[in-house]
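So you can see what is in the structure, the chains are spelled out below.
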Amino acid sequence: MKFNTKDPAANPAGIFYKRGTIDLASGEISMADVPCRNLEDVLGGFGRSFQDLAGRKIETAYCDENPLIVNTGLLTGSSVMTALRTYFSGYSPIKGSKVGRPAAMWSTGSGKFGAKLKWTGLDELIFENRAEKPIYVVIRESEAGPVVEVKPAAHLLGLSTHAKIMALQQDYPDAHFAAIGQAGENWQNNYMGAVALSTENQLKSKEDKCRFAGRGGMGSLMGYKNILALVAQSSDKPGKLSSAVKRANLNVIKGGGSARIQPLSRGGGGGTWAAYDVLQEFNAVPLNNFRPQGNDLPEKLFRENVECEYDIKSEACYRCGITCHNNISEKRADGSRGEFLAKFDYEPLNLLGTNLGIHAAGQAARLIQLGDNYGMDAISLGVTISYALAYNQRHPQSTILNGATFGDYAKIRELIIQAGEGQLPQIGQGSMRLSASLAETAYAYHVKGLEIAAYQPETNPGYIWAIAGGHMSMGSYGLLTREGKADIESWVKGITEDKLHIVGFDMIGLCKFFDIAKGIGTQMVVDCLKSEFGFEVSIDDLRAAVRRAFLRGLALEFRQGYTKAEFCLPAEVHENPNPHIKLPNITSPEFIAELEKRVWQVFEPELVGLLD
Amino acid sequence: MKINVKLIGLFQTGRFKQQELDYPVDTKVQDVFADLQLPQQHFGFALINGIHAARDAVLAEGDHLVLLPLLGGG
Ligand code: SF4
């Protein structure tokens, strides 16, 4: 990026980002220094990409006009802790409105690819059209600036995410990688393809320890374009650690923000896995397709029970002190570490474990590993399978697919393999389409076409307004459970003011664990921006930019044909309230109707003119 | 007064899961937290008889107190 101003809020046009545009049909590659339109452009990520997506009228995800935008955030590649994010944006194959138009989506992951991409000198890549044959794309630094090359990739076809990265590492030992798996290659039948991002740990150990940009099928869009992988080749340029950034980094590690995520051995909370223990107190751990039964089955995957049998090692991305990866390996008879299996984050563990009726840690780990290797979004995959299992439970005489039911590991494994290989569109195309085809939509746990995360919808009506699926684009998932808020005022305020700010992290290049409760509108971020770029930017400027970006996402949903009626939770939540969840009922039809009225009263006037 | 204290997640390490403990009248949630030497940075929230309670909420004879660590997404 080029910085000709210290005031990015008042003078965004004084900042330029380097964009490479690759026309995959013609092979033409162009570079431009693009002036920023506003502070969202400066911050980057979806704050920028959604403005570009809004400029296109897209009727179906798999069309030449739908771009794949790969970009970074302003702080990606800086010395600020967690500054490793890469963003993939486009119109989604899986998330879409009932009229059939795809929703704009972004997906993000850590690993080191994003930092390497930034260090090549490029801030954004836009892939137009599609390549005729499979390719991979190399982005490398040169004295004359970033260079982009398109290479044939027939040798990578059919390989898993990890195997593609291992194969490319042979040719580019100093690079980092973003790769799809077989799921993305089979984009026609699999709309939930993820993009795997290589980690230092993976490249050194040769174990499949990638991070993933999973949500919204950006890996399938990449597959449609015939791009199997991206290679970012540059020297490491982590930059000097200023005292201001050092202070912020220390604050991230020692302050409350990331405490729950850090390893137990360092006095941390042990990662997102700890959500199991907390939610179980309310019988709110999703089980058997989001129907907790008030029993102790979820406790089988509590950390204390898993670590008796398996080795758990806390590991981290490049230079990150948060160390949030809980990597599970086999434990040998002598207690030493055996084969690496998978990482246990709360979402994949629950949605490919307890919520499928799988309570053995080794089986859950194998399912997570399988989904990761095929390159599928663990959330969409797990929730679509749990829907199919629930259908089979209700229709024992006329089951679908292979007749799998809750807890049937072998058959669930078979479903994942078939979906990953593109042989099972019923699973690969997500729960909205599967449930519609079976005319039983009430217990399909998606909102607006994207499967929800592992927080019971009974505890989080904020899902309705999440713009990129799940809980990571509306941070209200703890408002009832953690904060005990069950009144309308708190929920209206949470959704329309505080909790939407979680998406700021999907602009600036940082992980949410940097400061999950407060977002990026903080003195800590202001200080980092001052130190890294000399920016004079205020907390209010940052909050205003995040709010505009969020609202633009909502406006885009309406533009793609969503009606207000589609902003809703799965019907089962209202029609058949779960008697076991020990929390006040905040999803009664009356509560939701009032919440909708009040939230739209706030949001609607602000949506006017946002996409003009 | 007798308080039934339940600890969740990492709070159990080196302590207990559930125990009946004796505290003087007017004991607050935070007093129990301090008495058990639970790590302050992990205090998430407390439930008294199943209802969310503030740190300075005063306990009464026979209360069921649950102490929970922070809840993080991901
Ligand atoms: S918080 Fe976790 S995912 Fe993010 S950079 Fe650190 S170790 Fe990686």
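Residues numbered from 1 in each chain as written. Chains lettered and ligands numbered in written order. Predicted model: local features only at pLDDT ≥ 70, side-chain atom pairs only at ≥ 80, totals over all residues. Heavy atoms only, no water.

Trainee: Whenever I open this one, the overall build of chain B confuses me. Can you help?
Mentor: A tally of regular secondary structure across chain B gives one helix and five strands. Going from the N terminus to the C terminus, chain B shows its helices and strands as β-β-α-β-β-β. Over its C-alpha atoms chain B spans a radius of gyration of 12 Å, differing by no more than 12% from the 11 Å that the globule rule assigns to 74 residues. Projected onto the principal axes, the alpha-carbon positions of chain B cover approximately 40 × 25 × 20 Å. In chain B, of all internal contacts separated by at least 6 residues, the share reaching a separation of at least 24 is 55%. Of the roughly 3,500 Å² of accessible surface on chain B, a fraction of 49% belongs to carbon and sulfur atoms. Counting 6 positive and 8 negative side-chain charges, chain B places the averaged centre of each group 10 Å from the other. (Helix = DSSP H or I, 4+ residues; strand = E, 2+ residues; numbered from the N terminus. Rg over C-alpha atoms; globule rule 2.2 N^0.38 Å. Contact = heavy atoms within 4.5 Å. Areas by Shrake-Rupley, 256 points an atom, 1.4 Å probe, with all protein chains shown as cover. Lys, Arg positive; Asp, Glu negative; His and termini not counted. Charge placed at Lys NZ, Arg CZ, Asp CG, Glu CD.)

Trainee: What exactly am I supposed to notice about the environment of Asn288(A) here?
Mentor: All names here are of chain A. Mapped onto the fold, Asn288 is located in the loop between α9 (275-280) and α10 (303-306). For the pair Asn288 and Ile165, spaced 123 residues apart in sequence, the C-alpha separation works out to 34 Å. Residues in contact with Asn288, not counting those within four places in the same chain, are Gln293, Thr354, Asn355, Leu356, Gly357 and Phe406. A polar contact of 3.5 Å, which involves the side chain of Asn288, links it to the backbone nitrogen of Gly357. (Polar contact = N/O pair within 3.5 Å; in protein donor to acceptor, adjacent residues only side chain to side chain.)

Trainee: In this structure, what is going on with the site of the ligand? I would like to understand it.
Mentor: Taken together, Thr82(A), Leu84(A), Ser110(A), Arg211(A), Ala316(A), Cys317(A), Cys320(A), Ile322(A), Cys324(A), His325(A), Cys511(A) and Phe513(A) form the complete shell of residues around the ligand. Of the residues that constitute the shell around the ligand, the class distribution is eight nonpolar, three polar and one charged. (Near = heavy atom within 4 Å. Nonpolar A, V, L, I, M, F, W, Y, C, P; charged D, E, K, R; others polar.)

Trainee: Looking at this structure, I do not really get the nonpolar core. What am I missing?
Mentor: Inside soluble globular proteins, nonpolar side chains tend to come together where they are buried. Core analysis: the biggest nonpolar cluster contains 210 residues, and Phe127(A), Leu230(A), Trp465(A), Leu529(A), Leu554(A) and Phe603(A) have the highest contact counts within it. Broken down by element, this core gets its largest block of residues, 10 residues, from helix α13 (residues 378-394) of chain A. One finds Val32(B), Ala57(B), Leu59(B) and Leu67(B) within the second-largest nonpolar core, a separate group that totals 22 residues. (Core = buried A, V, L, I, M, F, W, Y, C linked by side-chain atoms within 4.5 Å. Buried < 20%, exposed > 50% of the residue type's maximum accessible area, 1.4 Å probe, protein only.)

Trainee: Sorry if this is basic, but what is going on with the sheet that holds strand β12 (residues 211-213) of chain A here?
Mentor: Remark on secondary structure: sheet strands pair via backbone hydrogen bonds, oriented parallel or antiparallel. All names here are of chain A. A sheet is described by the order of its strands in space; here six strands give the open sequence β9-β8-β13-β10-β11-β12, paired in mixed fashion. Lying at the two open borders of the sheet, with one neighbouring strand each, are β9 (147-152) and β12. Strand-to-strand, the axes of this sheet are offset by a mean angle of 25 degrees, without reference to chain direction. Alignment of strand β11 (residues 195-197) against β12, held across three bridges, turns out to be antiparallel. Each bridged residue has a counterpart across the sheet, and for Leu197 the counterpart in β12 is Arg211. Lying over the sheet, helix α4 (residues 161-171) contacts β8 (135-140), β10 (175-179), β11, β12 and β13 (227-233), oriented at roughly 150 degrees with respect to β10. (Pairing = 2+ DSSP bridges. Axes fitted to C-alpha atoms, helices over the stretch in contact; angles between N-to-C directions.)

Trainee: I would appreciate a short explanation of the interface of chain A and chain B in the present structure.
Mentor: Tallying the contact residues gives 30 residues for chain A and 19 residues for chain B. Roughly 1,900 Å² of surface becomes buried between chain A and chain B when both sides are summed, with 65% attributable to carbon and sulfur atoms. Inspection of the chain A/chain B interface yields two salt bridges. Where Glu281(A) meets Lys6(B), a salt bridge forms, and the shortest distance between an N and an O atom there is 2.8 Å. For the pair chain A and chain B, the interface holds four residue pairs in polar contact (both at pLDDT 80 or more). Of all elements in the fold, only α9 and α11 (346-351) of chain A reach the threshold of two or more residues within the side of chain A that touches chain B. The element best represented in the side of chain A that touches chain B is α9(A), accounting for four residues. Residue classes in the side of chain A that touches chain B are distributed as 14 nonpolar, nine polar and seven charged. (Buried area = accessible area lost by both parts, 1.4 Å probe. Salt bridge = Lys/Arg side-chain N within 4 Å of Asp/Glu carboxyl O.)

Trainee: Help me understand the sheet that holds strand β16 (residues 337-343) of chain A in this model?
Mentor: Residues and elements named next belong to chain A. If you walk across this open sheet you meet the three strands as β14-β15-β16, and the pairing is antiparallel. The open sheet has two free edges, formed respectively by β14 (310-315) and β16, since each of these has just one partner strand. Neighbour-to-neighbour, the strand axes of the sheet open up by a mean angle of 35 degrees, direction not taken into account. Most of the contacts of helix α12 (residues 361-374) go to β16, to which it runs at about 65 degrees, and overall it touches β14, β15 (325-331) and β16.

Trainee: Teacher, can you tell me more about the pattern of salt bridges here?
Mentor: All names here are of chain A. All told, the structure shown has 41 salt bridges over all chains when counted by the stated rule. For the salt bridge of Arg19 with Asp52, the shortest nitrogen-to-oxygen distance reads 3.6 Å. Taken as a pair, Arg19 in strand β2 (residues 15-23) and Asp52 in helix α2 (residues 46-54) lie far apart in primary sequence, 33 residues in all. For Arg19, a relative accessible area of 19% translates into the label buried. Lys564 is the partner of Glu604 in a salt bridge, and the nearest nitrogen-oxygen pair spans 2.9 Å. Here Lys564 lies in the loop between α20 (539-559) and α21 (572-575) and Glu604 lies in helix α22 (residues 589-607), a separation of 40 residues in the sequence. Taking relative accessible area as the criterion, Lys564 reaches 36% and is therefore assigned partly exposed. Within the structure, one salt-bridge network assembled from shared partners comprises Arg19, Arg37, Asp41, Arg48, Asp52 and Glu124.

Trainee: What am I meant to see in a nonpolar patch on the surface here?
Mentor: A cluster of nonpolar side chains, Ile29(A), Met31(A) and Val150(A), forms an exposed patch at the surface whose accessible area comes to about 210 Å². With respect to the helices and strands, Val150(A) occurs in strand β9. (Patch = residues over 30% accessible without salt bridge, like charges linked within 9 Å, V, L, I, M, F, W, Y side chains within 5 Å.)

Trainee: Hey, could you run me through the pairing of β10(A) in this one?
Mentor: Each regular strand carries side chains that alternate between the two faces of the sheet. All names here are of chain A. Buried residues dominate β10, accounting for five of its five residues. Burial of β10 is two-sided: the residues Ala175, Phe177 and Ala179 facing one way and the residues His176 and Ala178 facing the other way are all buried. Note: β10 against β13, five bridges, orientation antiparallel. Each residue of the ladder has a partner; that of Ala175, found in β13, is Gln233. Summarising the sheet, β10 and β11 pair through two bridges and their orientation is antiparallel. Counterpart to Ala179 in the pairing with β11 is Ala196.

Trainee: How do you make sense of α22(A) when you look at a structure like this?
Mentor: Residue pairs spaced three or four apart in an α-helix point in one direction, given the helix's 3.6 residues per turn. Residue and element names in this part refer to chain A. With 19 residues, α22 should reach 27 Å at 1.5 Å per residue; the first-to-last C-alpha distance of 25 Å fits that figure. A bend of about 35 degrees at Gln601 is the largest found in α22, and the proline Pro605 appears one to four places after it. Along α22, the positions that sit buried rather than exposed are Phe591, Ile592, Leu595, Val599, Trp600, Phe603 and Leu607. On the buried face of α22, the contacting elements are α17 (488-498), α20 and α21. (Expected span 1.5 Å × (residues − 1). Bend = angle between axes of the 7 residues up to and from the residue.)

Trainee: Got a minute to help me understand the packing of aromatic side chains in this structure?
Mentor: Aromatic ring pairs: the centre-centre distance and the angle between the two ring planes describe each pair. Evaluation of the coordinates by the stated rule reveals 28 aromatic pairs over all chains. On the basis of an interplanar angle of 10 degrees and a centroid distance of 6.1 Å, the ring pair of Phe282(A) and Phe45(B) is categorised as stacked. Of the two residues, Phe282(A) is situated in the loop between α9 and α10 and Phe45(B) in strand β3 (residues 43-48); the pairing between them involves two chains. Note on accessibility: Phe282(A) and Phe45(B) belong to one class, buried. Their ring planes at 55 degrees and their centres at 5.3 Å tell us that Tyr346(A) and Tyr455(A) sit as a pair that is tilted. Here Tyr346(A), found in helix α11, pairs with Tyr455(A), found in the loop between β18 (450-451) and α17; they are 109 residues apart in sequence, far enough to count as distant. Neither Tyr346(A) nor Tyr455(A) differs from the other in exposure class; each is buried. An aromatic cluster of three or more residues is present, and its members are Tyr276(A), Phe302(A), Tyr346(A), Tyr455(A) and Tyr477(A). The cationic tip of Lys209(A) hangs over the ring face of Phe340(A); the distance from NZ or CZ to the ring centre is 4.9 Å. (Phe/Tyr/Trp six-rings, centres within 6.5 Å; stacked < 30°, edge-to-face > 60°. Lys NZ or Arg CZ within 6 Å of the ring centre and 35° of its normal.)

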